[in-house]
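So you can see what is in the structure, the chains are spelled out below.
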Amino acid sequence: MSKNKRRKTYDTLLNGITYFASSISFITLLAILIFIFGKGYKLLNIDLIAENFESQGYVADLYDYARLCNCESDIAFDEGVYYSSKWGIALADQIDLLGKNVIQIIYVNPKSPLFEIRDKGIGNEPIELRDEYHIIRIAFDNYPTALSRYGAENMINYLNANDELREIEFQTKGGGIKGSIITTLYLIALTLIIALPIGIGAAIYLNEYAPNNKFTKFLRSLIETLTGVPSIIYGLMGLAIFVPITTKLTNATGGNIISGAMTLAVILLPVIIRTTEESLKVIPDDYRQASLALGASKTQTTFKVVLPSSVPGILTATLLAIGRIIGESAALVFAIGTSIKDQVSLTGKSTSLAVHIWAMMTDEPANIELSATIAIIIVLIVVILNILIKLISSRYLKRKLGISI
Amino acid sequence: MTLTNEKAFHINQLNLYYGNKLALDNIDIDIYQKQVTALIGPSGCGKSTFLRTLNRMNDLISNCHVNGKILYNENDIYSSDSDVIDLRRRIGMVFQKPNPFPMSIYDNVAYGLRCQGVKDKAVLQKAVKKALVDAALYEEVKDRLKESALSLSGGQQQRLCIARAIAMSPDVILMDEPTSALDPIATAKIEDLINDLKKDYTIIIVTHNMQQALRVSDYTAFFLLGEIVEYGLTSELFSHPKNPKTEDYITGRFG
């Protein structure tokens, strides 16, 4: 009786530990999600994904012939939008994509003198003041300068108090992460193109061809060791080897997407080799024997029977690889660099979303909100790619193998 | 029953070692064409090992080596100039557990031919159909050739494996306990099939089931501890065993 009781307590204890462990991991995951959504949802909008990061700044002044328009607007503005009929411009306080307070131009009357202004820089090119630009400051001849931090209402008051203005400084909308998203997708595609064939090939060699000897064991333990090397060391290697190679062979001038993808491919190789080898191991020997007994060569057996059967495992490897590519930042800081670019090219500098977060957090002050928003986007990309690969995998299994999962 | 004396295999002083362990000891046996030869004996007696030497499947085991002669159509299959891939094309094999490939029924049967480089669709279709008809499976699967072979029942899978082997039009079919994983009805179907197939093929079957050996085979070899204790016509071996060990085994006193 007491023996039974002791066993029961023991079982309860062990079960309790497993429940506890699984709930801890679940709670951690939930906490991360709550944090990034709680912090980041405010800045989450489609403009962030679609907009450029860089903003162009202009300092402009009026043409000599420009006259005040004193034009009333027939548009009914929302609350918080201030309109100067003297200058024909409507301004509002807004939060930009980076989460900073800015004064955004809501509307410029076509008859407004501000509608046609000229760049004070080289060439005096005419510029159009568009309704999405942010005004930084407006300077007058005999009056204090209106700065953006005074707010939209004050800026309109300043404008109304003056008939002339000396110069106006404004910038285009910026802070979007379009370039970093495209870079991340480029990196995923390019890295997989490099790493999958090499990794799968190596796994096939190790599992199907390699003799069972000390050298093979040594090779395997080497690969396992590589899994544990910190990625920043791979980044240094990328900087020392792949960046010079790519700058020699292409028109790149420094870290670029190709050198980044090569570095990531090296990081991923051990993961891909291990996962693929595991999936090759579980393929029943019956298949190999049946194929060989039918007069197929070893190579035919490997590529016609063994490899197709391991596709689900290879897809799992791909999934892990994609997660790693999206999440990697330390190695990319060296292998690509941290400059955020909108014009993405394979040989140009630009950076991934994870490094984008890193750049935002090293800003002064650290931009936690935007980082959390980018984190949400990263999570969404990972989820979408996961679902996509699961779909492909289950369709393949059903079509080819007749197994439904 | 017509018995021919044309030999498919002539085996002379065959020894097989796993490392240092002798697994087949001085085997001398002639196997006749277009007959069913059953190999019986208790587990671990070497009958499956022997079967696998005939299409050199033991080559896959790293520490296994063979000496002695196996003449197949007068050619030594273990000589250095023998082509193992061609040998396996002419000597098909059916395994203990049905092992269709995870692909469609059609692709399973066409697999061997495709590996030989046959690409012509009409040729493949004809060969697949003939193999399935010969393996008595065609009527059951003719509407679902594109479906996965894994959706078939165990008995159907095993007949598919036989179809896959005979699609290569081999001379010999080796069967390693082909019914041990099947129920009695599926077993009966396979046995009927073996009776049909023996007019075209030399069949060598390993079985644990004495009744099965009696039902399907023309010749029987009794293996014990890596040696052939007795070999002869099935009818004689079962009714008048010459060796007392054979008698003990077939009457169920051990094994």
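(A) Here's a closer look at the overall build of chain B. Secondary structure summary: chain B contains ten helices and ten strands in total. In summary, chain B has a C-alpha radius of gyration of 18 Å against a globular reference of 18 Å for 255 residues, a match within 12%. Seen through its C-alpha atoms, chain B measures out along the principal axes to roughly 55 × 45 × 35 Å. Within chain B, the fraction of its 255 residues that count as buried is 47%. In chain B, the proportion of contacts linking residues at least 24 apart, taken out of those at least 6 apart, comes to 69%.

(B) Region of the structure containing the overall build of chain A. Counting its regular elements, chain A contains 13 helices and nine strands. For chain A, whose C-alpha radius of gyration is 30 Å, the value lies well above the compact-globule estimate of 22 Å for 405 residues. C-alpha atoms of chain A, sized along the principal axes, occupy 95 × 70 × 40 Å. Going through the 405 residues of chain A one by one, you find that 34% of them count as buried. Sequence-distant contacts in chain A: of pairs separated by 6 or more residues, those separated by 24 or more amount to 73%.

(C) Spotlight on the interface of chain B and chain A. Tallying the contact residues gives 23 residues for chain B and 17 residues for chain A. Split into classes, the residues belonging to the side of chain B that touches chain A amount to eleven nonpolar, seven polar and five charged.

(D) Expanded view of the domain arrangement of chain A. For chain A, the assigned domains read domain 1 (59-171) and domain 2 (178-401). For domain 1 of chain A and domain 2 of chain A, the distance between their C-alpha centres works out to 50 Å.

(E) Inspection of helix α6 (residues 231-249) of chain A at higher detail. Residue and element names in this part refer to chain A. Look at α6: 25 Å from first C-alpha to last across 19 residues, which is about the 27 Å you get at 1.5 Å a residue. Of all the bends in α6, the greatest, near 40°, is centred on G238. All buried positions along α6 are accounted for by S231, Y234, G235, G238, L239, F242, V243 and T246. Packing partners of the buried residues in α6 comprise α7 (257-281) and α11 (330-335).

(F) Layout of the pairing of strand β6 (residues 91-94) of chain B. Residues and elements named next belong to chain B. Burial of β6 is two-sided: the residues I91 and M93 facing one way and the residues G92 and V94 facing the other way are all buried. Across four bridges, β6 lies against strand β7 (residues 172-176) in parallel orientation. When the sheet's bridge partners are listed, G92 is paired in β7 with I173.

(G) The arrangement of the nonpolar core in detail. By size, the foremost hydrophobic cluster in this structure holds 81 residues, and its most contacted members are A163(B) and I173(B). Counting 54 residues, the second-largest nonpolar core is a separate cluster that includes I200(A), A261(A), A317(A) and A354(A).

(H) Quick look at the pairing of strand β1 (residues 57-62) of chain A. Residues and elements named next belong to chain A. Sheet topology note: the β1/strand β9 (residues 167-171) ladder contains four bridges and is antiparallel. By the bridge assignment, V59 is partnered in β9 with E169. Two elements, β1 and strand β5 (residues 116-119), share three bridges in a ladder whose sense is antiparallel. Paired with L62 across the two strands is I117, which belongs to β5.

(I) Structural view of the packing of α6(A) against α7(A). Residue and element names in this part refer to chain A. Relative orientation of the contacting elements α6 and α7 amounts to 135°, with a least axis distance of 9 Å. As summarised for this structure, α6 and α7 are arranged oblique, according to the angle between their axes. Every pair of crossing elements has a handedness; the one defined by α6 and α7 is right-handed. Here α6 contributes S231, Y234, G235, G238, F242, V243 and T246 to the contact with α7, which in turn contributes I258, S259, M262, T263, V266 and I267. Of the residues assigned to the contact of α6 with α7, the class counts are seven nonpolar, six polar and no charged.

(J) Representation of the sheet that holds strand β1 (residues 7-18) of chain B within the structure. Residue and element names in this part refer to chain B. In spatial order, the strands read β2-β1-β4-β5; together these four strands make up an open sheet with antiparallel pairing. In the strand order of this sheet, the two ends are held by β2 (21-32) and β5 (75-76), each with one partner. Of the pairings in the sheet, the one linking strand β4 (residues 64-72) to β5 comprises two bridges and is antiparallel in character. Within β5, the position partnered with L71 by the bridge is D76.

(K) Representation of the sheet that holds strand β8 (residues 202-206) of chain B within the structure. Residue and element names in this part refer to chain B. Pairing is mixed in the open sheet, where six strands are placed in the order β6-β7-β8-β3-β9-β10. Since the sheet does not close on itself, it has two edges, and those belong to β6 and β10 (227-233), each with one partner. Adjacent strand axes in the sheet meet at a mean angle of 15° when their direction is disregarded.

(L) Geometry of the confidence of the model for chain B. All names here are of chain B. Summarising the model, chain B shows a mean pLDDT of 90, and 98% of its residues fall at 70 or more. Here β5 stands out as the least confident element of chain B, with mean pLDDT 88; β8 is the most confident, with 95. Here the predicted complex scores 0.82 on pTM and 0.90 on ipTM.

(M) Structural detail: the environment of T145(A). Residues and elements named next belong to chain A. Within the secondary structure, T145 sits in the loop between β7 (134-139) and β8 (146-147). T145 gets classed as partly exposed once you count the C-beta atoms within 10 Å, which come to 14. The spatial distance from the C-alpha of T145 to the C-alpha of R166 is 9.6 Å, given a sequence separation of 21 residues. Beyond its immediate chain neighbours, meaning those up to four positions away, T145 contacts R137, I138, A139 and F140.

(N) The arrangement of unusual backbone geometry in detail. Residues and elements named next belong to chain B. Positive phi, normally seen in glycine, also occurs at K34, with a value near 55°. Counting through the fold element by element, K34 comes out in the loop between β2 and β3 (36-40). The backbone phi angle of S169 is positive, close to 40°, even though this residue is not glycine. Within the secondary structure layout, S169 lies in the loop between α6 (154-166) and β7.

(O) Geometry of the packing of helix α4 (residues 178-209) of chain A against helix α10 (residues 311-327) of chain A. All names here are of chain A. It is at 10 Å that the axes of α4 and α10 come closest, and there the two elements cross at 140°. The pairing of α4 with α10 is recorded here as oblique in orientation. The handedness of the crossing between α4 and α10 is right-handed. Contacts from T184, L187, I188, T191, L192, A195, L196 and I200 of α4 reach α10 at I314, T318, A321, I322, I325 and I326. Broken down by class, the residue content of the contact of α4 with α10 amounts to eleven nonpolar, three polar and no charged.

Each value, and the rule that gives it
- Residues numbered from 1 in each chain as written.
- Chains lettered and ligands numbered in written order.
- Predicted model: local features only at pLDDT ≥ 70, side-chain atom pairs only at ≥ 80, totals over all residues.
- Helix = DSSP H or I, 4+ residues; strand = E, 2+ residues; numbered from the N terminus.
- Rg over C-alpha atoms; globule rule 2.2 N^0.38 Å.
- Buried ≥ 20, exposed ≤ 12 C-beta atoms within 10 Å, placed from the backbone.
- Contact = placed C-beta atoms within 7 Å.
- Nonpolar A, V, L, I, M, F, W, Y, C, P; charged D, E, K, R; others polar.
- Domains from an automatic or database assignment.
- Expected span 1.5 Å × (residues − 1).
- Bend = angle between axes of the 7 residues up to and from the residue.
- Pairing = 2+ DSSP bridges.
- Core = buried A, V, L, I, M, F, W, Y, C linked by C-beta atoms within 7 Å.
- Axes fitted to C-alpha atoms, helices over the stretch in contact; angles between N-to-C directions.
- Parallel < 35°, antiparallel > 145°, perpendicular 65-115°, else oblique.
- Left-handed = near helix turned anticlockwise from the far one by under 90°.
- pLDDT = per-residue confidence, 0-100.

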